[in-house]
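# Coordinate inspection notes
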Amino acid sequence: MFKKPIEAKALQRLSGADRKKLRRTTKERFPLASDADIDALLPLKAEITVAKLPNRVHIYGVEGGLPVLFDVDGRGNDIFPTVYALWIVPELLPSFVLKGGEVSRFVIGGADLMFPGISIPSEGFPSFLAGQPWAVKVPGNAAPIAVGTTMMSSADALKAGLRGKALRVLHYYRDFLWELAEGRYIPNGGFLEDIVVEDPALCTTSHTSDAPGDILNDALDTVIDKNEQLLDIPVVHAEEDTDSLHGDSKNDDLGEMAADMMKLNVSVSVSAEEQNEVRGHGAQSNEIDALLDKCLLQALHTTVKDKDLPLSGSILWSNHVLACRPAGITLDIKRSSHKKLSKWLQSKCSAGLISAKEDKHKKEIILLSVNRAHPDYISFKPEKRVTEFVDQKPDSSAADAHQTRSQLEVVEIYKSSAHVNLIFTSVGSDTGKYYTAPEATDVVFRYIERENLTNPMNKAVVVLDATLCDALFKGTIKKGVMYPTEIQKKDLGATFLNRMQAFHRVSRDSEVAVRKGSIRPIQIMAERRQGNKKVTRVSGVEYFLMDAESLASELQKKFACSTSVSELPGKKGQYEVVVQGGVIDDLAKHLVDYYGVPKRYIEFNITAKVL
């Protein structure tokens with residue numbers, strides 16, 4: 001189709017509606033493509049141009065230069081990706097792999113692909129229908145070299161003994177559609193950053209600057225020159241050395257291109273400045289790791305008491321570790337080598353310093369016990385200073401740009417129940433009061449100390465008297481099974497909390513709400529409607545003291561779209577905000593940055609419902 005020189009009779013920009021239609025058509029045409037793949041080919045904010053050829057073929061380019069799609073009939077029914085597009089998203093199309101690199105010389109010479117030239121994978125011949133778009137690859141290389149349409153189905157091909165034409169090749173490496181971008185893969189900020197081609201032949205100009213169909217602008221030329229200097233690749237012009245590009249014979253030229261296909265690959269190019277930055281980041285991570293360990297040991301020596309255990313990881317971090325950091329020092333777990341609090345604490349578990357486990361229901365790591373006989377603990381000398389419980393402020397510019405409008409605090413609290421009332425009254429604690437987890441476990445440890453229930457032979461074991469045994473296990477032991485007489489201290493706190501009534505307290509500025517049970521997360525759901533339109537639904541915001549009407553008004557301005565609020569059927573006082581458009585990620589980020597909702601209290605649900 002592009003064996004002969006092509007010249008566009010018209011070149012125009014696509015309107016916003018046409019760009020959306022092209023993205024939608026591309027998504028439907030290539031079911032293997034994800035939304036990220038479509039964004040890589042057709043960036044949302046990029047300018048899309050269409051070049052109309054005399055034979056009705058339409059060629060779509062990004063930023064006025066790089067051809068990524070071509071439409072055979074110009075009606076949107078037969079859209080295919082260019083080789084450039086397949087280099088950006090190699091798995092956009094299913095691919096036939098050639099039996100050997102020598103077969104590629106025929107494909108890139110313009111011949112159709114025959115079944116005898118296809119390598120059959122070990123899992124069997126792939127299934128396909130006639131008229132489907134497929135790509136062609138050489139063995140050992142992920143970069144496709146051609147694209148076309150299947151000539152028959154896989155069932156018909158097997159009946160024919162895998163003989164005949166498999167693929168009608170429409171576009172291939174180094175044809176005249178390729179030459180629209182001067183035969184070079186241009187790394188652009190809208191696609192893959194810092195990606196270069198290792199084959200110098202791909203960075204040579206194969207025709208003069210006034211070649212037909214040349215739609216590259218000066219900005220792209222600047223990018224090309226910059227990458228050529230980075231690779232130290234000399235530019236060879238056709239008028240200077242024609243033989244080096246075309247050769248004396250057609251067979252030699254095809255052989256050269258076939259050799260190029262075997263070498264063709266993409267690799268990440270990292271500048272010296274980036275390498276220094278990576279090394280500097282590694283050194284900085286080591287310093288932060290050492291500071292984290294120091295703050296943890298300081299907290300274990302000074303503020304974390306055995307009676308406070310079990311302790312949630314978030315409370316350990318905010319109330320103990322951060323409080324032990326040096327004055328004027330910002331501590332960010334994300335800048336450490338562990339990246340996450342749970343991974344850091346798990347590494348301390350592996351070292352034997354602490355014992356912790358993950359709560360499957362709350363999705364949070366829990367500190368169970370401290371090994372105070374560990375060498376690191378014994379050798380550490382805590383500093384004598386006054387600790388301050390100060391909330392850490394993020395230092396990133398993004399956080400400064402999105403200041404939390406109001407302070408949100410979510411705390412899990414507990415209230416005495418009939419099971420544990422005797423324990424509370426025995427130590428003089430109020431049974432009608434709300435307690436945090438450390439306060440509640442402090443009650444049971446005070447009872448143990450008062451009744452002297454610690455095993456004298458093993459301080460980590462508590463001997464159960466009748467009152468404590470009933471409080472912990474009455475009604476949970478099957479008939480005929482003996483009640484336990486002892487319990488490990490590390491298990492006592494969690495068992496005691498499970499016998500109490502669970503509540504949660506949500507406070508925002510001066511407004512406070514206490515509700516029974518665990519807090520319900522905010523639900524964000526994206527739905528696909530008819531015509532590929534998307535809506536985003538969010539519910540449960542009232543649990544975090546947020547007004548649905550005010551939120552809808554904010555989202556309408558933020559996303560420049562229509563919003564609506566409706567009461568959920570059968571749930572009085574619970575509302576749902578509906579936002580026109582697929583803004584599920586941006587909406588969640590807005591709730592975290594602007595309203596301070598913890599990420600663990602946001603749940604996502606993406607459906608393909610058609611309304």
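Here goes a summary of the coordinates provided. None of these values were measured; they are calculated from a predicted model. (Residues numbered from 1 in each chain as written. Predicted model: local features only at pLDDT ≥ 70, side-chain atom pairs only at ≥ 80, totals over all residues. Heavy atoms only, no water.)

## Things to note about the overall build of the protein
The helix and strand inventory of the protein stands at 19 helices and 26 strands. Split into buried and exposed, the 611 residues of the protein put 43% on the buried side. Across the protein, the fraction of contacts at a sequence separation of at least 24, relative to all contacts at a separation of at least 6, is 63%. For the protein, the exposed surface amounts to about 32400 Å²; the carbon and sulfur share of it is 51%. (Helix = DSSP H or I, 4+ residues; strand = E, 2+ residues; numbered from the N terminus. Buried < 20%, exposed > 50% of the residue type's maximum accessible area, 1.4 Å probe, protein only. Contact = heavy atoms within 4.5 Å. Areas by Shrake-Rupley, 256 points an atom, 1.4 Å probe, with all protein chains shown as cover.)

## Some details on the sheet that holds strand β15 (residues 364-370)
Strand order in the open sheet formed by 3 strands is β13-β15-β14, and the pairing between neighbours is antiparallel. Each having just a single partner strand, β13 (311-312) and β14 (354-359) make up the two edges of the open sheet. Alignment of β14 against β15, held across 6 bridges, turns out to be antiparallel. Bridging across to β15, E358 finds its partner in I365. (Pairing = 2+ DSSP bridges.)

## Examining the pairing of strand β16 (residues 408-415)
Relative to strand β20 (residues 501-508), β16 runs antiparallel, the two being bridged by 8 bridges. Each bridged residue has a counterpart across the sheet, and for V411 the counterpart in β20 is R505. Pairing between β16 and strand β17 (residues 434-436): 3 bridges, direction antiparallel. Bridged to K415 within β17 is Y434.

## Section: the side chain of S507
Following the sequence through the fold, S507 ends up in strand β20. Judged by its relative accessible area of 13%, S507 falls in the buried class. Apart from residues no more than four positions distant in its own chain, S507 is found in contact with Q407, L408, E409, V512 and L545.

## Concerning the environment of D308
Checked against the element boundaries, D308 lands in the loop between α9 (272-302) and β13. Through-space distance from the C-alpha of D308 to that of T441 is 6.5 Å; in sequence the pair is 133 residues apart. Leaving out residues up to four positions away in the same chain, D308 has contacts with T303 and T441.

## Points about the packing of aromatic side chains
Given two aromatic rings, one states the distance between the centres and the angle between the planes to describe the pair. Under the criterion given, the structure shown has 13 aromatic pairs. Between F115 and F125, the aromatic rings sit 6.1 Å apart at their centres with planes inclined by 55°, giving tilted as the arrangement. Residue F115 is located in the loop between β7 (113-114) and β8 (133-137), and its partner F125 is located in the loop between β7 and β8; the two are separated by 10 residues in the primary sequence. Here F115 falls in the buried class, since its relative accessible area comes to 4%. Ring pairing ties together the aromatic residues F96, F115, F125, F128 and W134, which thus form one cluster. In this structure, R29 is placed above the aromatic ring of F80, and the distance from its NZ or CZ to the ring centre is 5.0 Å. (Phe/Tyr/Trp six-rings, centres within 6.5 Å; stacked < 30°, edge-to-face > 60°. Lys NZ or Arg CZ within 6 Å of the ring centre and 35° of its normal.)

## Section: the layout of surface pockets
Of the volumes computed, that of the second largest pocket is approximately 1300 Å³. R23, L44, N532, K534 and G582 are, among the 34 residues lining the second largest pocket, the residues nearest its centre. Elements supplying a minimum of two residues to the lining of the second largest pocket: α1 (16-29), α2 (35-41), β22 (522-529), β23 (533-539) and α19 (584-595). Ranked by residue count, the leading element in the lining of the second largest pocket is α1, at 7 residues. Looking at the lining of the second largest pocket residue by residue, the classes come out as 12 nonpolar, 7 polar and 15 charged. (1 Å grid on protein atoms, 1.4 Å probe; cavity = no way out; pocket = protein on both sides within 12 Å on 5 of 7 lines; lining within 4 Å. Points joined across faces, edges and corners; volume = space filled by probe spheres on them. Nonpolar A, V, L, I, M, F, W, Y, C, P; charged D, E, K, R; others polar.)

## Description of the pairing of β15
Buried residues dominate β15, accounting for 6 of its 7 residues. In the sheet, β13 pairs with β15 via 2 bridges, with the strands oriented antiparallel. Among the inter-strand pairings, S312 is bridged to a residue of β15, identified as I366.

## Brief notes about the side chain of H320
Mapped onto the elements of the fold, H320 is located in helix α10 (residues 313-321). Assessed through its relative accessible area of 10%, H320 is described here as buried. Beyond its immediate chain neighbours, meaning those up to four positions away, H320 contacts A299, T303, V304, L311 and I315.

## What to know about the pattern of salt bridges
If you walk through the whole model with that rule in mind, you get 15 salt bridges. With a closest N to O distance of 3.9 Å, D35 and K534 form a salt bridge. Within this pair, whereas D35 is found in helix α2, its partner K534 is found in strand β23, the two being separated by 499 residues in sequence. Since its relative accessible area comes to 42%, D35 is described here as partly exposed. Between D306 and R372 there is a salt bridge whose closest N-O contact spans 3.2 Å. (Salt bridge = Lys/Arg side-chain N within 4 Å of Asp/Glu carboxyl O.)

## Digging into the packing of helix α15 (residues 437-451) against helix α17 (residues 489-498)
For the pair α15 and α17, the least separation of the axes is 9 Å and the interaxial angle reads 120°. In terms of orientation, α15 lies oblique with respect to α17. For the element pair α15 and α17, the recorded crossing hand is right-handed. Residues A437, A440, T441, V444, F445 and I448 of α15 pack against K489, L492, G493, F496 and L497 of α17. A class-by-class count of the residues in the contact of α15 with α17 yields 8 nonpolar, 2 polar and 1 charged. (Axes fitted to C-alpha atoms, helices over the stretch in contact; angles between N-to-C directions. Parallel < 35°, antiparallel > 145°, perpendicular 65-115°, else oblique. Left-handed = near helix turned anticlockwise from the far one by under 90°.)

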